[in-house]
Amino acid sequence: MEVKLFCGIVTLLLLFDGGLSKGGPKSPPNIIVIMADDLGSNDMSFRGSNQIPTPNIDALGYQGVILNRHYVPALCSPSRAALLTGKYPIHTGLQHSVIVSDEPWSLSTREKLLPQYLKECAAYRTHMVGKWHLGFARKRFTPLQRGFDSHFGVWGPGLSYFSHRFVLPWAPWYDGHDMRRNENVTYESAGQYLTDVITDEAVEVIRRHDDKQPLFLAVTHVAPHAAEETDPLQAPEEEIRQFGYIEDPKRRIYAAMVASLDKSVGRIVMALQETELLRNSLVLFYSDNGAPSQGLYATTGSNYPLRGQKASPWEGGIRQPAVIWSPLIEKRHRVSDELIYSTDWLPTLVGLCRGDVNSNLDGFDLWRTISRDKASPRREILHNIDPLGGYSSYYRDGWKYVNGSMAPQFDGWLGRVAGVDKAPAATAYAEMVMKSPTWRALAPLAAKRLKVADIKRLRDRTQIRCSRWFRSNPCDPQNAPCLFHVDTDPCEENNLARRFGWKLKQMEERVKEFQQSAVPPRNRPSDPMSNPVHWNDVWTSWLDEMSV
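Okay, so let's go over this structure. (Residues numbered from 1 in each chain as written. Predicted model: local features only at pLDDT ≥ 70, side-chain atom pairs only at ≥ 80, totals over all residues. Heavy atoms only, no water.)

Okay, the sheet that holds strand E15 (residues 380–386) next. A sheet is described by the order of its strands in space; here four strands give the open sequence E15-E16-E17-E18, paired in antiparallel fashion. Bordering the open sheet on either side are E15 and strand E18 (482–485), each of which pairs with just one other strand. Each neighbouring strand pair of the sheet contributes to a mean axis angle of 10 degrees, computed without reference to strand direction. Both strand E16 (residues 391–396) and strand E17 (residues 399–403) contribute to a ladder of five bridges, which runs antiparallel. Across the sheet, residue Ser392 finds its bridge partner in E17, namely Asn403. (Pairing = 2+ DSSP bridges. Helix = DSSP H or I, 4+ residues; strand = E, 2+ residues; numbered from the N terminus. Axes fitted to C-alpha atoms, helices over the stretch in contact; angles between N-to-C directions.)

What follows covers the pattern of salt bridges. Tallying each qualifying case throughout the model produces 37 salt bridges. For the salt bridge of Arg251 with Asp43, the shortest nitrogen-to-oxygen distance reads 2.8 Å. Linking Arg251 in helix H7 (residues 249–274) with Asp43 in the loop between strand E1 (30–36) and helix H2 (55–63), this pair joins segments that are 208 residues apart in sequence. One exposure class covers both Arg251 and Asp43, and it is buried. One salt bridge connects Asp337 with Arg461, and the closest N-O pair in it is separated by 2.9 Å. Of the two residues, Asp337 is situated in the loop between strand E13 (334–336) and strand E14 (340–341) and Arg461 in helix H13 (residues 452–461); the sequence distance between them amounts to 124 residues. Several salt bridges converge on common partners, so that one network encompasses Arg181, Glu188, Glu201, Glu204, Arg207, Arg208 and Glu274. (Salt bridge = Lys/Arg side-chain N within 4 Å of Asp/Glu carboxyl O. Buried < 20%, exposed > 50% of the residue type's maximum accessible area, 1.4 Å probe, protein only.)

So, on to the state of the cysteines. In the structure shown here, the tally under the stated rule is three disulfides. A sulfur-sulfur distance of 2.2 Å marks the disulfide that ties Cys466 to Cys491. Taking the sign of the S-S torsion, about -75 degrees here, the bridge from Cys466 to Cys491 comes out left-handed. Separated by 25 residues along the polypeptide, Cys466 in the loop between H13 and E18 and Cys491 in the loop between E18 and helix H14 (501–516) bring together distant segments of the chain. According to the relative accessible area criterion, Cys466 is partly exposed, its value standing at 33%. Going through the chain in sequence order and numbering each bonded cysteine, the pairs you get are 1-2, 3-6, 4-5. (Disulfide = S-S within 2.5 Å.)

A large share of helix H3 (residues 76–85) lies buried, amounting to ten of its ten residues. Those residues of H3 lying buried are Cys76, Ser77, Pro78, Ser79, Arg80, Ala81, Ala82, Leu83, Leu84 and Thr85. The secondary structure elements touched by the buried residues of H3 are E1, helix H4 (114–122), strand E4 (125–131), strand E10 (215–220), strand E11 (281–287) and helix H9 (345–352). Directly after H3, the chain includes Gly86, whose backbone phi takes a positive value near 75 degrees. (Contact = heavy atoms within 4.5 Å.)

Below, the structure is given as structure tokens:
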């Protein structure tokens, strides 16, 4: 009897150790993904900017891991699809532009999404709060039909922050209400600030959660995306007044929008602590793409000193640092320079509950990279091939190829922030971070006690330092493809296409190989029957409504 008992214990220990050797946790963790919308990479203060403090976001990174070379698609719809499908935009048909509210198309319903995988592997309860933006012309395109148990928020691309209406930014200027609780139109939060409304709901989801099942919560903020073309920047007056030191009045409002977003992160982390879910949770924060400094929906957001902006193939549109925290991460309190792309989140998160994923994904399971600081298996990223916009962008082993551009005005170094507009709290930056709600919640679970010097050291590690060449070999991708060694030239200042013609040719050939596997863009033209004037002043699933 004693021998059998001993053998049984040894077997269990071996199984347990085997699980650890694969890098996974003992039980599936609660997964909370917080996604910002159009947040500038230079507008998170852990990156070194002293103008807009983001102490809660920063604390999440310092207590966890700052993913300094985290990449995303350059636009909203393809970026959300990359997270939920684990596929490049060329493999989902979202390689051109975004899904606009008056267009009758969506992310393909044949795609299996992250919440569906999580339900299969560990019976997760799955919730989305915030922006969907993957199509709603038919109800089968929307969150409850795609694996989410609940959804509260926005079906379309954006919203006015107080009226909760979406207005097309071009003629014929369709205008309608767009807030849903599950599949039903709701006016319950009319007049309230949208970022706070989304946060309140996310906190309620956490508080109501029954911990007999693991939680997957996607909090997909609209902030700081522009509200509407004629009135893009909106925030509560009490928030705006805190930024009187910023000279530019537009930038002042934008700062208030970012500050509200940062407070949201703090409230969500505190809710996890109060419900005792935090000890077995993973919290991930990043923005869907870079900020639009110029053009449609410009917000004064900054990606500087990176080149370009949202909707461009440059680093400013696609290099979006992420911060991730979990007590399951073995090596915390560090900055990682390992390569990560947003398609990697699906296999990584599903891997934590030991689920299986489809073999045709473009993502890698990077848990060992995140948790143990092992080398990333990712060597290349196809940023995009847009046959309608006329550009392609590809990275491999330090090199980056850019051919064509969405718009020449987005090709420069935009959004430089005036150095004189320094936040008063920036003089005691580390202390400010250590007083944040997020820090107070996470510090008891820290792998080590961090000091002010540790924060300064980690912050310095995140800085983007441009090369010594200053635009010595200019690049005009509209006339000829360009080649950069972005590992040493992150600001894309020195075009090496002439000097390394063989490498340029090699990169071009690989892009052609990718093009062979691309599916056609799924874009469809505007449908006038989408106009909310036909549907009780509401953006709705008009193709279904027409068939009733």
